[in-house]
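# Coordinates in review
One-letter residues, chain by chain:
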Amino acid sequence: KHIPIAEITHTHYVLHEANIEVWSTIRNQSERTLEVDRIMLLGVRHDIDYPLQPGQQREFRVYSGPRPNHGSYKKAELYYKDGETGDYFRADHIVEYKYETDKTFSVNQLRLITPIYDI
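Figured I'd write up the structure that's included with this text.

About the thresholds
- Residues numbered from 1 in each chain as written.
- Predicted model: local features only at pLDDT ≥ 70, side-chain atom pairs only at ≥ 80, totals over all residues.
- Heavy atoms only, no water.
- Helix = DSSP H or I, 4+ residues; strand = E, 2+ residues; numbered from the N terminus.
- Buried < 20%, exposed > 50% of the residue type's maximum accessible area, 1.4 Å probe, protein only.
- Phe/Tyr/Trp six-rings, centres within 6.5 Å; stacked < 30°, edge-to-face > 60°.
- Lys NZ or Arg CZ within 6 Å of the ring centre and 35° of its normal.
- Pairing = 2+ DSSP bridges.
- Axes fitted to C-alpha atoms, helices over the stretch in contact; angles between N-to-C directions.

## Side note on the overall build of the protein chain
Within the protein chain one finds 0 helices and 9 strands. Going from N to C terminus, the protein chain has its helices and strands arranged as β-β-β-β-β-β-β-β-β. Principal-axis analysis of the C-alpha atoms places the extent of the protein chain at approximately 45 × 20 × 20 Å. Within the protein chain, the proportion of its 119 residues that are buried is 41%.

This is the structure we're talking about:
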């Protein structure tokens, strides 16, 4: 079975007092159209619902909310669908943090973990 790859390739954040916005570039690395469904990051589900053509990438806001006061969330889960077959997949990413001076944590990178899960 062909497993298409969608990957978060770049992440940056914007601090707003006690809150944070996390923005990530998601790239379709497959030869098929993928529907980026949602992401689970810092314990919060964020719906994306956006089609990416083969090789296309786009930046999305993947989290907006309170800055975490711990680094316990170890992975993010990116869910997407193969436009041709309708099969769903999950690409897990390791969450890397920056420790801020106010003792909160900011997400500064998400790294793909393989294999991709066929769900």
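## A closer look at the packing of aromatic side chains
The geometry of two aromatic rings is summed up by the distance between their centres and the angle between their planes. Considering all chains together, one arrives at 4 aromatic pairs under this definition. Chaining the aromatic ring pairs together yields one cluster made of Tyr-97, Tyr-99 and Phe-105. The ring of Tyr-79 has Arg-38 sitting right over it, with the charged end atom 3.9 Å from the ring centre. In this structure, Arg-90 is placed above the aromatic ring of Tyr-117, and the distance from its NZ or CZ to the ring centre is 4.5 Å.

## Regarding the sheet that holds strand β2 (residues 19-28)
If you trace the 3 strands from one edge of the open sheet to the other, you get β1-β2-β5, paired in antiparallel fashion. Each of the sheet's edge strands pairs with one partner strand only, and the pair in question is β1 (6-16) and β5 (57-66). Between one strand axis and the next, the sheet turns by 20 degrees as a mean value, whatever way the strands run. As paired strands, β2 and β5 are joined by 9 bridges and run antiparallel to one another. Paired with Glu-21 across the strands is Ser-64, a residue of β5.

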